[in-house]
Amino acid sequence: MTALVDEHPHLGVEPVLRELNIPSSTYYRWRRAETEPCERRLRDAGTIGAAATS
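Just so it is clear, the structure is predicted and the values come from calculations on it, not from any experiment. (Residues numbered from 1 in each chain as written. Predicted model: local features only at pLDDT ≥ 70, side-chain atom pairs only at ≥ 80, totals over all residues. Heavy atoms only, no water.)

> So what about the packing of aromatic side chains? Which residues, and what values?
All told, the structure shown has one aromatic pair when counted by the stated rule. Look at Tyr27 and Tyr28: their rings are 5.0 Å apart centre to centre, the planes differ by 80°, and that puts the pair in the edge-to-face class. With a relative accessible area of 43%, Tyr28 lands in the partly exposed category. (Phe/Tyr/Trp six-rings, centres within 6.5 Å; stacked < 30°, edge-to-face > 60°. Buried < 20%, exposed > 50% of the residue type's maximum accessible area, 1.4 Å probe, protein only.)

And the structure:
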């Protein structure tokens, strides 16, 4: 979803979300999660990374 908005910035975030019936808060939460992963995602990434190197 965020890729669609990134590839077509001329469309605007709010109109795209309105058409897709996605709350803007959900979109902005997705965007924040890309740069600030939650503790669970960090823990999972550490576990997956450790399993891949062993």
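> Mind laying out unusual backbone geometry, listing which residues take part and the relevant values?
Even without glycine at this site, Asn21 takes up a positive phi of about 60°. For Asn21, the location among the structural elements is in the loop between α2 (13-20) and α3 (24-35). (Helix = DSSP H or I, 4+ residues; strand = E, 2+ residues; numbered from the N terminus.)

> An account of the pattern of salt bridges is needed here, citing residue identities and associated values.
All told, the structure shown has four salt bridges when counted by the stated rule. Close ionic contact of Arg31 with Asp6 constitutes a salt bridge, the shortest N to O distance being 3.0 Å. Of this pair, Arg31 sits in helix α3 while Asp6 sits in helix α1 (residues 2-7), and the two are 25 residues apart along the sequence. Given the relative accessible area of 43%, Asp6 is considered partly exposed. With its nearest N and O atoms 3.6 Å apart, the salt bridge here joins Glu39 to Arg43. Of this pair, Glu39 and Arg43 both sit in helix α4 (residues 39-53), separated by four residues, roughly a single helical turn. Classification of Glu39 as exposed rests on a relative accessible area of 62%. What makes Arg43 partly exposed here is its relative accessible area of 45%. Bridged by salt links that share partners, the residues Asp6, Arg31 and Glu34 form one connected network. (Salt bridge = Lys/Arg side-chain N within 4 Å of Asp/Glu carboxyl O.)

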